[in-house]
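Listed here are the chains, written in short residue letters.
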Amino acid sequence: MNKYFITGKKVGLRELNVNDANEKYISWMNDREVTKFLDTGNFPTSQDDLTRYITTINKGTDIFLGIFDRLSQQEEHIGNIKLSNINWIHRTAELGIMIGDKSYWGKGYGSEATSLLVDFGFRTLNIRKIYLGVFANHKSAIKAYEKVGFNIDGNMKKHLYLDGNYVDKTWMSIFNNNISN
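All values derive from a computational prediction rather than experimental measurement.

Participant: How do you make sense of the nonpolar core when you look at a structure like this?
Facilitator: Across soluble globular proteins, you tend to see nonpolar side chains buried next to one another. Within the largest apolar cluster, 34 residues are counted, with the highest numbers of intra-cluster contacts made by Leu13, Ile67, Ile81, Leu95, Ile130, Tyr145 and Phe150. Among the secondary structure elements, those contributing two or more residues to this core are strand 2 (11-15), strand 3 (63-69), strand 4 (77-87), strand 5 (92-99), helix 4 (109-123), strand 6 (129-135), helix 5 (139-148) and strand 8 (165-175). For Tyr145, the contacting residues outside a window of four places in its chain are Leu95, Ile97, Leu132, Val134, Phe150 and Met172. The next biggest cluster of nonpolar side chains, apart from the first, holds 14 residues, and it includes Ala21, Ile26, Leu50 and Phe68.

Dropping the structure here:
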(Lines give C-alpha, C1' and ligand atoms only; values in the text may rest on other atoms or scores of the structure.)
Protein backbone atom coordinates (compact mmCIF):
# COMPACT_ATOMS: atom_id res chain seq x y z
CA MET A 1 0.00 0.00 0.00
CA ASN A 2 1.31 3.43 -0.94
CA LYS A 3 1.57 5.66 2.10
CA TYR A 4 1.33 8.78 -0.05
CA PHE A 5 -1.81 10.29 -1.48
CA ILE A 6 0.21 11.70 -4.40
CA THR A 7 3.69 10.49 -5.34
CA GLY A 8 6.37 12.20 -7.40
CA LYS A 9 10.01 11.50 -8.16
CA LYS A 10 11.39 13.33 -5.13
CA VAL A 11 8.35 14.05 -2.98
CA GLY A 12 5.39 12.24 -1.57
CA LEU A 13 2.28 14.14 -0.45
CA ARG A 14 0.01 12.79 2.26
CA GLU A 15 -2.57 13.98 4.73
CA LEU A 16 -1.06 15.10 8.03
CA ASN A 17 -2.12 13.61 11.34
CA VAL A 18 -1.68 14.69 14.96
CA ASN A 19 1.66 12.84 15.17
CA ASP A 20 3.02 15.25 12.56
CA ALA A 21 2.47 18.19 14.94
CA ASN A 22 5.94 17.63 16.35
CA GLU A 23 8.84 19.81 17.50
CA LYS A 24 10.29 20.03 13.99
CA TYR A 25 7.01 21.36 12.53
CA ILE A 26 6.56 23.73 15.48
CA SER A 27 10.09 25.06 14.94
CA TRP A 28 9.21 25.98 11.33
CA MET A 29 6.14 27.90 12.42
CA ASN A 30 8.16 29.84 14.97
CA ASP A 31 11.08 30.59 12.61
CA ARG A 32 10.60 34.08 11.17
CA GLU A 33 12.80 33.25 8.17
CA VAL A 34 10.43 30.39 7.25
CA THR A 35 7.19 32.30 7.85
CA LYS A 36 8.29 35.73 6.62
CA PHE A 37 6.21 35.53 3.44
CA LEU A 38 3.28 33.59 4.93
CA ASP A 39 0.05 34.72 6.56
CA THR A 40 0.99 32.56 9.55
CA GLY A 41 3.94 32.90 11.89
CA ASN A 42 3.15 36.34 13.28
CA PHE A 43 2.21 34.86 16.64
CA PRO A 44 3.85 32.00 18.58
CA THR A 45 2.67 28.53 17.54
CA SER A 46 2.27 25.67 20.00
CA GLN A 47 1.71 21.95 19.54
CA ASP A 48 -1.94 22.47 20.49
CA ASP A 49 -2.25 25.13 17.75
CA LEU A 50 -0.86 22.75 15.11
CA THR A 51 -2.94 19.81 16.30
CA ARG A 52 -6.10 21.93 16.20
CA TYR A 53 -5.25 23.17 12.69
CA ILE A 54 -4.53 19.67 11.35
CA THR A 55 -7.74 18.24 12.81
CA THR A 56 -10.08 21.05 11.78
CA ILE A 57 -9.26 21.33 8.06
CA ASN A 58 -12.53 21.69 6.15
CA LYS A 59 -12.34 18.67 3.86
CA GLY A 60 -15.17 19.97 1.69
CA THR A 61 -13.19 23.00 0.53
CA ASP A 62 -9.57 22.33 1.56
CA ILE A 63 -6.90 19.74 0.81
CA PHE A 64 -3.93 20.07 3.18
CA LEU A 65 -0.98 17.72 2.67
CA GLY A 66 2.48 17.28 4.09
CA ILE A 67 5.43 17.26 1.70
CA PHE A 68 7.87 14.41 2.33
CA ASP A 69 11.32 13.81 0.83
CA ARG A 70 11.08 10.34 -0.70
CA LEU A 71 14.84 10.33 -1.38
CA SER A 72 15.86 10.63 2.27
CA GLN A 73 16.22 7.50 4.39
CA GLN A 74 13.53 8.57 6.86
CA GLU A 75 11.33 10.20 4.21
CA GLU A 76 11.53 13.50 6.07
CA HIS A 77 8.57 15.86 6.43
CA ILE A 78 9.92 19.03 4.78
CA GLY A 79 6.85 21.23 4.35
CA ASN A 80 3.17 21.49 3.53
CA ILE A 81 1.00 22.33 0.56
CA LYS A 82 -2.70 22.99 0.19
CA LEU A 83 -5.54 23.74 -2.12
CA SER A 84 -8.00 25.85 -0.17
CA ASN A 85 -11.15 27.83 -0.77
CA ILE A 86 -12.18 25.26 -3.37
CA ASN A 87 -15.26 26.64 -5.07
CA TRP A 88 -17.19 23.79 -6.67
CA ILE A 89 -19.43 26.18 -8.67
CA HIS A 90 -16.69 28.33 -10.21
CA ARG A 91 -14.19 25.42 -10.24
CA THR A 92 -11.43 27.49 -8.61
CA ALA A 93 -8.99 26.85 -5.76
CA GLU A 94 -6.23 28.75 -3.98
CA LEU A 95 -2.77 27.22 -3.64
CA GLY A 96 -0.49 27.69 -0.67
CA ILE A 97 2.89 26.10 0.07
CA MET A 98 5.57 26.20 2.74
CA ILE A 99 8.92 24.44 2.63
CA GLY A 100 9.71 24.56 6.33
CA ASP A 101 13.01 22.72 6.27
CA LYS A 102 15.41 25.39 4.98
CA SER A 103 17.94 22.79 3.81
CA TYR A 104 15.44 21.99 1.01
CA TRP A 105 15.05 25.56 -0.24
CA GLY A 106 15.99 26.13 -3.88
CA LYS A 107 16.29 22.44 -4.72
CA GLY A 108 13.08 21.93 -6.68
CA TYR A 109 11.08 20.14 -3.99
CA GLY A 110 8.51 22.93 -3.78
CA SER A 111 8.16 23.09 -7.56
CA GLU A 112 7.58 19.35 -7.79
CA ALA A 113 5.02 19.41 -4.96
CA THR A 114 3.25 22.35 -6.63
CA SER A 115 3.18 20.58 -10.01
CA LEU A 116 1.80 17.42 -8.43
CA LEU A 117 -1.00 19.22 -6.57
CA VAL A 118 -1.91 21.38 -9.58
CA ASP A 119 -2.11 18.25 -11.73
CA PHE A 120 -4.29 16.54 -9.10
CA GLY A 121 -6.54 19.60 -8.92
CA PHE A 122 -6.99 19.66 -12.68
CA ARG A 123 -7.19 15.93 -13.48
CA THR A 124 -8.98 14.56 -10.43
CA LEU A 125 -10.99 17.46 -9.00
CA ASN A 126 -11.78 19.05 -12.37
CA ILE A 127 -10.66 22.45 -11.10
CA ARG A 128 -10.64 25.05 -13.87
CA LYS A 129 -8.32 27.64 -12.31
CA ILE A 130 -5.80 27.59 -9.46
CA TYR A 131 -4.65 30.92 -8.09
CA LEU A 132 -2.35 32.25 -5.39
CA GLY A 133 -1.20 35.46 -3.81
CA VAL A 134 2.47 36.18 -3.18
CA PHE A 135 4.47 39.08 -1.78
CA ALA A 136 5.56 41.04 -4.87
CA ASN A 137 9.10 41.32 -3.50
CA HIS A 138 9.42 37.53 -3.04
CA LYS A 139 11.10 37.13 -6.42
CA SER A 140 12.28 33.53 -5.93
CA ALA A 141 8.70 32.37 -5.20
CA ILE A 142 7.33 34.19 -8.25
CA LYS A 143 10.04 32.59 -10.40
CA ALA A 144 9.22 29.13 -8.98
CA TYR A 145 5.49 29.57 -9.65
CA GLU A 146 6.21 30.74 -13.21
CA LYS A 147 8.38 27.62 -13.69
CA VAL A 148 5.32 25.49 -12.88
CA GLY A 149 3.16 27.49 -15.34
CA PHE A 150 1.52 30.21 -13.25
CA ASN A 151 1.13 33.64 -14.83
CA ILE A 152 0.93 37.02 -13.13
CA ASP A 153 -2.62 38.40 -13.15
CA GLY A 154 -1.92 41.68 -11.40
CA ASN A 155 -0.91 43.45 -8.21
CA MET A 156 -2.74 44.88 -5.25
CA LYS A 157 -0.81 47.99 -4.27
CA LYS A 158 0.62 48.14 -0.76
CA HIS A 159 -1.65 45.33 0.38
CA LEU A 160 0.70 43.41 2.71
CA TYR A 161 2.74 44.53 5.70
CA LEU A 162 6.31 43.25 5.90
CA ASP A 163 9.27 44.45 7.95
CA GLY A 164 7.84 47.90 8.62
CA ASN A 165 6.63 48.57 5.07
CA TYR A 166 3.54 47.93 2.99
CA VAL A 167 4.31 45.90 -0.13
CA ASP A 168 2.31 44.86 -3.16
CA LYS A 169 0.58 41.49 -3.37
CA THR A 170 0.98 39.76 -6.71
CA TRP A 171 -1.85 37.51 -7.87
CA MET A 172 -0.95 34.57 -10.09
CA SER A 173 -2.99 31.81 -11.69
CA ILE A 174 -2.85 28.76 -13.89
CA PHE A 175 -5.72 27.42 -15.98
CA ASN A 176 -6.70 23.85 -16.75
CA ASN A 177 -6.19 23.64 -20.52
CA ASN A 178 -8.53 20.66 -20.70
CA ILE A 179 -11.55 22.74 -19.72
CA SER A 180 -12.91 25.21 -22.25
CA ASN A 181 -13.84 28.70 -21.17
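From this point, the discussion proceeds with the structure in view.
Participant: Please explain the packing of helix 4 against helix 5 as it appears in this structure.
Facilitator: Pairs of packed helices are described in terms of their axes, by the angle between the two and the distance that separates them. Put simply, helix 4 and helix 5 touch, their axes get as near as 10 Å, and they point 45° apart. With respect to helix 5, the element helix 4 is oriented oblique. Between helix 4 and helix 5 lies a crossing whose hand is right-handed. Taking contact as the criterion, the partners of Ser111, Thr114 and Ser115 in helix 4 are, on helix 5, Ala144, Lys147 and Val148. Of the residues in the contact of helix 4 with helix 5, the class split is two nonpolar, three polar and one charged.

Participant: Mind showing me how you'd approach the sheet that holds strand 5 here?
Facilitator: Either a parallel or an antiparallel arrangement is found when strands of a sheet pair, and the pairing is made through backbone hydrogen bonds. In spatial order, the strands read 1-2-3-4-5-6-8-7; together these eight strands make up an open sheet with mixed pairing. A single partner strand is all that each edge strand has here, and the edge strands are strand 1 (6-7) and strand 7 (151-162). With three bridges joining them, strand 5 and strand 6 adopt parallel strand pairing. From the neighbouring strand, Ala93 faces strand 6, where its bridge partner is Ile130.

Participant: Which parts of the structure should I look at to understand the packing of aromatic side chains?
Facilitator: Any two aromatic rings considered together are summarised by their centre-to-centre distance and by the angle between their planes. All told, the structure shown has nine aromatic pairs when counted by the stated rule. Arranged with centres 6.1 Å apart and planes meeting at 45°, the rings of Tyr4 and Phe68 form a pair that is tilted. Of this pair, Tyr4 sits in the segment before strand 1 while Phe68 sits in strand 3; the two residues are 64 residues apart in sequence, bridging distant segments of the chain. Ring geometry for Tyr53 and Phe64: centres 5.1 Å apart, planes at 85°, overall edge-to-face. You can see Tyr53 sitting in helix 3 (residues 47-55) and its partner Phe64 sitting in strand 3, a full 11 residues away along the chain. Residue placement shows Lys10 over the ring face of Tyr109; its charged tip is 4.4 Å from the ring centre.

What counts, and at which threshold
Residues numbered from 1 in each chain as written. Predicted model: local features only at pLDDT ≥ 70, side-chain atom pairs only at ≥ 80, totals over all residues. Heavy atoms only, no water. Core = buried A, V, L, I, M, F, W, Y, C linked by side-chain atoms within 4.5 Å. Buried < 20%, exposed > 50% of the residue type's maximum accessible area, 1.4 Å probe, protein only. Helix = DSSP H or I, 4+ residues; strand = E, 2+ residues; numbered from the N terminus. Contact = heavy atoms within 4.5 Å. Axes fitted to C-alpha atoms, helices over the stretch in contact; angles between N-to-C directions. Parallel < 35°, antiparallel > 145°, perpendicular 65-115°, else oblique. Left-handed = near helix turned anticlockwise from the far one by under 90°. Nonpolar A, V, L, I, M, F, W, Y, C, P; charged D, E, K, R; others polar. Pairing = 2+ DSSP bridges. Phe/Tyr/Trp six-rings, centres within 6.5 Å; stacked < 30°, edge-to-face > 60°. Lys NZ or Arg CZ within 6 Å of the ring centre and 35° of its normal.

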